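# Coordinates in review
These are the residues of each chain, in order.
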Amino acid sequence: MTEFENPRSFSRRSFVTGAAALTGAGLLAACSPQSQPEQGAEGEEGLAGTGGNEEIYAGACDGNCAGGCYLNIHVRDGKIVRTSARELPDPAYTRICSKGLSQVGRVYSSNRLLYPMKRVGERGSNDFERISWDEALDFIATKWKEITDQYGPGAMAIFNNSGHYSLCSGSCGTSISVTGRFKNVVGASEISSSLDIGCSHGFSHLTGGIPTYNEITDRKNANVSILWGNNPAISNPHTAHFHKEAQEDGNRLIVIDPIYNANAAMADWWVPVKAGTDGALAAGILNIYFTRGLLDEGFLKSTTNCPYLIKEDGMFVRMSDLGVEPTVEPDPLTGEDVPVDPIVVWDAAQNAPVAITEATDPLLESVPEVNGMKVQTVLENAKAAVAEYTPERAAEISGLKVEDVEELARIYVEDGPVSTEFFLGVNHYLNAPYTSWLIGLVAMLTGNTGKSGASFGNNQIYIPQYTHTNFAVTMPTDKAGNPCQGGDPHTYATAFLEELIDTGKYGQEDCVLKGVWFTFNNAAATMADSEYTKRWVSKLDLVICSDVMMTDTCRLADIILPASYWFEHTDVGSYLFATHPYITWNEKAIDPLGESKSDFDIFKAVAERMGYGEFFDLTEEEYCAEALDSEGYKALGISLEALKEKGALRVFPEDVHISDTSVWGTENGRLCLYQENVLYQFGDLGQPVDRKKECGLYWEEGKYCGEHSEARMGEYPFHLLSQKMRTHTHTQWSENEYTREIEPEPLAMLNPDDAAELGIQDGDTIRLRNYQGTVVVKAAINAGVPPKTVAMPRSWQAADFIEGTYQSLISKDFNDTSNNQAYNDVACAVEKM
Ligand SMILES: Nc1nc2c(c(=O)[nH]1)N[C@H]1C(S)=C(S)[C@@H](COP(=O)(O)OP(=O)(O)OC[C@H]3O[C@@H](n4cnc5c(=O)[nH]c(N)nc54)[C@H](O)[C@@H]3O)O[C@H]1N2
Ligand SMILES: Nc1nc2c(c(=O)[nH]1)N[C@H]1C(S)=C(S)[C@@H](COP(=O)(O)OP(=O)(O)OC[C@H]3O[C@@H](n4cnc5c(=O)[nH]c(N)nc54)[C@H](O)[C@@H]3O)O[C@H]1N2
Ligand SMILES: [Mo]
């Protein structure tokens, strides 16, 4: 099967083999094939229908590939026997992948947590004993109270990650799901996973963060589609057909990726950029636009902040600089009184500095002194910032030909509408905020957003619709109508946790952290620097982990709580992130396995034991109904009742959603090429900040992966590049015996020339080693991998590696203003064992 065929055509034989392997391994103890009526005797017809005594329930595949694919859960005699694609109202979206098809191997995995467990050995020693729910709840309530009585409620933190995107018992963040209700009821603080946020930091500079992505069914209206740091063949295989179909309709498909992969193979043009250098490439394109005057001046004047005037101190000229006192007006969003001090531009029509709203023809360059102050326009600043990136220099840095840089520049101006399928390939680097600001500008300054065929971003981002969620659902009142205490205001960034625990300081502030509850989170295997994770966790007084599987993170806990699986309780699925524009009703298909409980019931039970039961006097279904009860959803015809009746409801009113970029989310609604204030993603913690890098356009190479970095020039000549896995969603499915048939073990992919030089052959055992850690795995020789690069499908857990862990090699270093985890900014040495 290629990834672009309908995954439903996946050969049934593979799954019979898979089931046999699973049974052989004794994993189906609770659901032996003998107890199932003659499944093997059925033909394909029967499998597609309800056949025999099969019952079919609705569910969603809701891990953080963020597919949210709608599933049929086929149940016989109380056991799930298979999963298949369930029709969505628009059949273009009715696709699932090998992960959706192999769910049975997850539900009945021998790795499922079935009972609460308590640590009996040293922390991390993997020595646990089964205990009762009563014991587990008592232990947590007593310990939690001890800690919070002494240090305050915020000394306990919730660390929620991305395991399951459903509304209630899911990882939809503390503003939506039951995790948030619990946090607010007990007053806990929060730990942020700090991932996938580098590019969004760049976009908050550029656009104020407004969505620029058109629904994927619009791709056929593009003339050119560019997959820029985006690997749908693996990351969103069920959506890859949209790109292929658009290409068959005449759309030119371009793939910008350092690796020759399945997307590159089907592209009309593969652009083999050097990893981590896309920012220099984009700066080169902008340089071409600026020096050759290729951008529409009217657009620059009316829609961007190019005419703003920057003073020598880096701040914008405002009316107060002209002696006009700021006025006080209510903020349109919050209603609070705020000072208003309008931006000033030089109006050519009046030959004078005026408030931006008064200007009819703002100057873009060569503005005289304003009130004796030397000024530079934002356009002049931007031109100077990219001046060094001539097409030649941009090509040299990014490893491309000058003609490639020129051709990309030309396409955005002449061949539109261009859709830029921009995803997280460039995100996992320390330079991601700079890179994304530059790439975004290429698309947006050339008008390639906000209209049919012109889209920028990735199709998981349907977030704006969820602003309709009734967020009050996480801030309940007691029976007397008194509100809960509310969560601690702190959200701690992962990189500072050890310092916080050791010193009681977070930046300049006195703070205490004594315990953590990991939920939907395999931090030990997914957060940068696994040794660091182990270290800060080992310093806490209470560590709780609730999960559906036994994981590396559970192994660090004092108490493990078994969560029931996605098909074992009711919920609203495909929530917050999905690759289709529907929310879906998830039915309870089978009883929870063992003594597992839904995450909702787990939080409810703990809250009750801690004396907060009044705030949890509702069912999971009532929680969902309350969360969907809002004016915004009513206008879309969405309610729990309607969802239960229809199964899937669209969260966009239109047939094909086109993003509205007529007003940007910044001050004055303009696209920004410069920001006067440093924007911090995780607060100003006193870290040194260089305004030149943070306020204007800028690029630098990766700290570790850059070709000229100390690491790569020295002992660690290889760039280590994470690849997502076809059969895993992060560490999920690593427990699945079906998908292990396809991808059985971790591999490190090397270019044939490098392999030859090191005497490494396919299947040899090799060690990757760097300044931090080491891992031993098998080598795979792959000519699609560029020289001096190790590309590694990474989503495994400690026991899967021959030795060490992949995550031990990943630095937790952060960019000065963005705490984005930089999984690809890594160098390593490669040794044959
Ligand atoms: N099967 C599967 N799907 C997933 C996930 C999973 O674990 N498994 N995870 C989900 C999650 S949470 C995320 S964040 C997304 C990520 O989804 P993607 O953004 O598609 O994933 P990546 O593989 O990180 O990167 C995309 C592509 O960028 C390339 N790339 C790497 N470095 C660079 C660079 O410097 N420049 C350019 N131009 N390209 C580069 C990679 O080779 C890769 O082909 O996937 C989601 N989908
Ligand atoms: N080296 C490297 N590391 C990376 C990346 C990389 O590219 N390279 N990618 C990063 C990215 S983009 C991301 S998004 C993160 C993802 O990081 P995580 O969110 O930690 O990823 P998962 O492995 O999906 O872990 C989620 C956990 O939730 C559990 N879970 C699933 N469903 C439920 C449920 O219903 N209830 C409960 N209680 N638990 C549940 C799963 O069993 C799993 O243990 O990983 C990051 N780590
Ligand atoms: Mo992610």
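Now for a look at the structure at hand. (Residues numbered from 1 in each chain as written. Chains lettered and ligands numbered in written order. Predicted model: local features only at pLDDT ≥ 70, side-chain atom pairs only at ≥ 80, totals over all residues. Heavy atoms only, no water.)

## A look at helix H14 (residues 391-398)
- Of the positions making up H14, those classed as buried are Pro391, Ala394, Ala395, Ile397 and Ser398. Projected down its long axis, H14 carries its buried residues within an arc of 165 degrees, all on one side.
- Of the surrounding elements, those touching the buried residues of H14 are helix H11 (278-291) and helix H15 (402-414).
- One or two steps after H14, the chain reaches Gly399, where phi turns positive at roughly 75 degrees. (Buried < 20%, exposed > 50% of the residue type's maximum accessible area, 1.4 Å probe, protein only. Helix = DSSP H or I, 4+ residues; strand = E, 2+ residues; numbered from the N terminus. Arc of directions from axis to C-beta. Contact = heavy atoms within 4.5 Å.)

## Notes on the site of ligand 2
- By nearness alone, 31 residues border ligand 2, and Ser162, Thr526, Asp547, Asp599 and Thr731 come closest of all.
- One nitrogen or oxygen atom from the side chain of Asn161 is found 3.2 Å from an oxygen atom belonging to ligand 2.
- Note that a nitrogen atom of ligand 2 is positioned 3.1 Å from one of the backbone N or O atoms of Ser546.
- Protein contacts shield 99% of the accessible area of ligand 2, which totals 920 Å² for the unbound molecule.
- For the shell around ligand 2, the residue count by class is eight nonpolar, 18 polar and five charged.
- If you count residues domain by domain, the shell around ligand 2 takes at least three from each of domain 1 (117-195 + 484-565 + 596-628) and domain 3 (710-832). (Near = heavy atom within 4 Å. Polar contact = N/O pair within 3.5 Å; in protein donor to acceptor, adjacent residues only side chain to side chain. Areas by Shrake-Rupley, 256 points an atom, 1.4 Å probe, with all protein chains shown as cover. Nonpolar A, V, L, I, M, F, W, Y, C, P; charged D, E, K, R; others polar. Domains from an automatic or database assignment.)

## Side note on the packing of H14 against H15
- Following both chains from N to C, one finds H14 and H15 inclined at 110 degrees, their axes separated by 8 Å at the closest point. As summarised for this structure, H14 and H15 are arranged roughly perpendicular, according to the angle between their axes. For the element pair H14 and H15, the recorded crossing hand is right-handed. Facing H14, whose interface residues are Pro391, Glu392, Ala394 and Ala395, H15 presents Val402, Val405 and Glu406.
- Class assignment for the residues of the contact of H14 with H15 results in five nonpolar, no polar and two charged. (Axes fitted to C-alpha atoms, helices over the stretch in contact; angles between N-to-C directions. Parallel < 35°, antiparallel > 145°, perpendicular 65-115°, else oblique. Left-handed = near helix turned anticlockwise from the far one by under 90°.)

Any functional reading would require information that these geometric values do not contain.
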